[in-house]
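# An overview of the molecular structure
Listed here are the chains, written in short residue letters.
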Amino acid sequence: MIRNGSLVSILYGSFGRLPSPINISYMWNFGSTIGLFLVSQILTGIFLTMHYVADVSMAFDSVVHIINEVNYGWVMRYMHMNGASFFLGFIYLHIGRGIYYKRYFSVNAWLVGVVLLALSMLTAFLGYVLPWGQMSFWGATVITNMVSAVPKYGTSIVFWLWGGFSVGAPTLTRFYTFHFLFPFLIAVFAVLHLYFIHGSGGSGNPLGPFSNSIKIPFWPYYGLKDILGFVIFYSIFLFVVFIYSDTFSDPDNYGKANPLVTPVHIKPEWYFLFAYAILRSIPNKLLGVISLVMSVLIFAFLPLSQQKFSLSIWHQFIFWFWVFDFMILTWLGGCPVKSMFNFMSQVFGLLYFFSFFFFSLL
Amino acid sequence: MRLSDLRPHGFGHLGVHVKNQVEYTLSAFEQNPIKGVVAKGVPNILRRFRDKFLVVAIPAAVFYGFYDFGSRAQLAMDRKNPADFENDV
């Protein structure tokens with residue numbers, strides 16, 4: 001007998017005998033995979049902090065030192081760098097599964113999920129600045145400057161965020177502090193996310209939110225299925241880390257930050273490009289910033305939708321329409337600012353927001 | 001005091017209270033774990049693909065069309081149009 005309230009009983013109740021729907025598919029693997037990558041990022045990050053120096057004169061060189069001289073430092077660095085892409089990639093797949101199967105009707109879990117998305121994006125942005133390459137510096141400059149769009153106090157807020165009158169040494173050290181802190185905040189919110197999912201009758205399933213008639217224990221069925229998912233996805237991840245390590249990175253970030261030389265094309269990592277396209281497409285700075293923020297926060301409004309648990313053909317059609325719209329916005333975010341691309345960003349940005357309107361009706 | 005107050009609470013005991021658990025078992029000698037994996041599995045894959053093909057392919061084709069048109073149009077805007085210089089001496 002396991003004592004009630006002990007750690008073992010909590011773990012056993014959450015991952016052992018947890019009653020789970022009998023019919024959840026591989027689309028339900030993404031949540032646990034995100035957890036795997038969070039652990040991977042924390043562990044590789046801890047190893048990187050042993051050699052990284054958060055000072056503008058040494059940050060870039062410390063990263064070069066990690067890659068070239070620290071034993072297996074290159075493994076830690078490229079695992080951490082590509083791990084961020086995989087972490088956010090699986091978050092997007094997880095959100096896509098949630099929208100397709102209308103999981104936003106589990107309101108508490110969904111809203112905690114939106115907080116997790118925002119925290120993860122913020123953590124990734126802060127982390128990208130730390131190597132202090134050209135794209136790190138100029139990406140930080142562009143995005144933090146967005147805050148100056150706030151009426152009246154915007155400029156003061158930006159100077160406060162920077163710790164000076166431009167992105168500099170105080171900015172780097174505070175970004176390092178928050179980049180170290182936020183993953184633990186993400187872990188706390190992830191536990192809260194699980195609490196709400198387990199407390200609302202358990203996981204949804206492909207046929208809707210209710211599955212109380214037939215449940216099977218989490219272990220061994222979904223425990224082993226999740227482990228299979230870990231093996232497959234982590235193998236793909238390691239393949240990218242060891243063979244195609246620079247697939248997701250920008251060549252400009254292999255040069256040290258130079259405040260006097262602006263890169264020709266400043267763009268963030270791929271997982272921010274859809275929002276970047278929406279931001280750039282709007283001529284008005286404040287409206288652009290509001291659109292950027294809303295492109296992420298709009299997920300929080302989905303629980304207000306008309307409650308219909310059926311997955312009508314129209315819901316599916318709009319879902320795939322939205323997915324390809326997201327992909328084309330990602331492509332446009334990486335394109336230079338030219339007339340046709342700008343026009344397309346405006347049109348597809350509008351369609352991105354309209355898709356949520358249709359989700360709420362169908 | 002209600003009977004439900006005696007039930008354990010908190011993390012590990014959230015959600016539904018499971019009762020009337022039924023366990024089905026079958027002898028290992030009575031099972032073939034890969035029975036029908038090709039004969040039934042492959043037609044099932046084809047059926048599931050056919051069911052979803054149009055709902056995925058139509059938006060994919062539409063957006064690919066926009067991507068193709070947009071990149072070609074921008075490329076054309078970046079270049080000179082030979083027709084504009086036809087009558088040059």
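Cut-offs applied
- Residues numbered from 1 in each chain as written.
- Chains lettered and ligands numbered in written order.
- Predicted model: local features only at pLDDT ≥ 70, side-chain atom pairs only at ≥ 80, totals over all residues.
- Heavy atoms only, no water.
- Helix = DSSP H or I, 4+ residues; strand = E, 2+ residues; numbered from the N terminus.
- Rg over C-alpha atoms; globule rule 2.2 N^0.38 Å.
- Contact = heavy atoms within 4.5 Å.
- Domains from an automatic or database assignment.
- Buried area = accessible area lost by both parts, 1.4 Å probe.
- Salt bridge = Lys/Arg side-chain N within 4 Å of Asp/Glu carboxyl O.
- Expected span 1.5 Å × (residues − 1).
- Bend = angle between axes of the 7 residues up to and from the residue.
- Buried < 20%, exposed > 50% of the residue type's maximum accessible area, 1.4 Å probe, protein only.
- Polar contact = N/O pair within 3.5 Å; in protein donor to acceptor, adjacent residues only side chain to side chain.
- UniProt positions renumbered as here; feature names shortened; annotations may be inferred.
- Arc of directions from axis to C-beta.
- Phe/Tyr/Trp six-rings, centres within 6.5 Å; stacked < 30°, edge-to-face > 60°.
- Core = buried A, V, L, I, M, F, W, Y, C linked by side-chain atoms within 4.5 Å.

## Details of the overall build of chain A
The helix and strand inventory of chain A stands at 13 helices and 2 strands. Here the C-alpha atoms of chain A give a radius of gyration of 22 Å, agreeing with the 21 Å that 2.2 N^0.38 yields for 362 residues. Dimensions of chain A along its principal axes, counting C-alpha atoms only, are 65 × 50 × 40 Å. Of the contacts made within chain A by residues no fewer than 6 positions apart, 78% connect residues no fewer than 24 positions apart.

## Remarks on the domain arrangement of chain A
All names here are of chain A. Under the domain assignment, chain A is made up of domain 1 (25–206 + 214–261) and domain 2 (267–362). Once you take the C-alpha centre of each, domain 1 and domain 2 turn out to be 21 Å apart. Listed by partner, the interface residues are 34 residues for domain 1 and 33 residues for domain 2. Where domain 1 abuts domain 2, roughly 3,000 Å² becomes buried across the two surfaces, and 75% of that area is made up of carbon and sulfur atoms. When the buried surface of domain 1 facing domain 2 is broken down by residue, Tyr100, Lys102 and Phe105 rank first, second and third, together holding 23% of it. Run the count over domain 1 and domain 2 and you get 0 salt bridges.

## Some thoughts on helix H4 (residues 73–100) of chain A
Residue and element names in this part refer to chain A. An ideal rise of 1.5 Å per residue puts 40 Å on 28 residues; H4 measures up with 40 Å between its terminal C-alpha atoms. At glycine 83, H4 is bent by approximately 25 degrees, the largest bend along its length. Burial analysis of H4 places 23 of its 28 residues in the buried class, which makes it a mostly covered element. Phi turns positive, to about 55 degrees, at lysine 102, one or two residues after H4.

## Re the side chain of serine 20 of chain A
Topologically, serine 20 of chain A is positioned in strand E1 (residues 19–21). Within the structure, serine 20 of chain A has its side chain in polar contact with the backbone oxygen of leucine 18 of chain A (distance 3.1 Å).

## Digging into the interface of chain A and chain B
Between chain A and chain B, the residue contacts involve 31 residues of the former and 24 residues of the latter. Note on chain A versus chain B: buried area summed over both sides is about 2,400 Å², and carbon and sulfur give 75% of it. Ranking the residues of chain A by area buried against chain B places Phe317, Phe324 and Met340 of chain A at the top, with a combined share of 21%. Joining chain A to chain B, the criterion identifies 1 salt bridge. The salt bridge involving lysine 338 of chain A is made with aspartate 78 of chain B; its shortest N-O contact spans 2.9 Å.

## A closer look at the UniProt feature "transmembrane region" (unreviewed entry) in chain B
As annotated in UniProt, the feature "transmembrane region" (unreviewed entry) corresponds to residues 53–70 of chain B in the numbering used here. A distance of 25 Å separates the end C-alpha atoms of residues 53–70 of chain B, which is 100% helix and 0% strand.

## Here's the deal with helix H7 (residues 154–162) of chain A
All names here are of chain A. When we look at burial in H7, the residues that qualify are Gly154, Val158 and Trp162. One side of H7 carries all its buried residues, which in axial view fall inside an arc of 70 degrees. Residues of H7 that are buried make contact with helix H6 (134–145) and helix H8 (169–199). Phi turns positive, to about 75 degrees, at glycine 163, one or two residues after H7.

## Some thoughts on the side chain of serine 40 of chain A
Residue and element names in this part refer to chain A. For serine 40, the location among the structural elements is in helix H2 (residues 30–49). Looking at serine 40, the relative accessible area reads 6%, which means it is buried. If near-sequence neighbours (up to four positions away) are discounted, serine 40 is found in contact with Met79, Tyr234 and Phe237.

## Considering the packing of aromatic side chains
Each aromatic ring pair is summarised here by two numbers: the centre-to-centre distance and the angle between the ring planes. Residue and element names in this part refer to chain A. Overall, the coordinates contain 58 aromatic pairs over all chains when judged by the stated rule. Ring centres of tyrosine 234 and phenylalanine 237 lie 5.0 Å apart, and the angle between their planes is 55 degrees; on these two criteria the pair is classed as tilted. Pair noted here: tyrosine 234 and phenylalanine 237 are both in helix H9 (residues 218–243), with a separation of 3 residues, about one helical turn. Phenylalanine 237 carries the same exposure label as tyrosine 234, and that label is buried.

## Focus on the nonpolar core
Residue and element names in this part refer to chain A. Judged by nonpolar contacts, the single largest core of 103 residues is most densely connected at Tyr92, Ile99, Phe299, Trp322, Tyr352, Phe356 and Phe359. Sort the elements by how many residues they give to this core and H4 lands first, with 13 residues. Mapped onto the domain boundaries, this core takes at least three residues apiece from domain 1 (25–206 + 214–261) and domain 2 (267–362). Ignoring sequence-local partners within four residues, the contact set of phenylalanine 356 consists of Ile99, Ile298, Phe299, Leu302 and Trp322.

## Remarks on the environment of tryptophan 162 of chain A
All names here are of chain A. Structurally, tryptophan 162 can be placed in helix H7. In this structure the C-alpha to C-alpha distance between tryptophan 162 and tyrosine 72, which are 90 residues apart in sequence, comes to 33 Å. Other than its neighbours up to four places away in sequence, tryptophan 162 contacts Thr144, Asn145, Val167, Pro170, Thr171 and Arg174.

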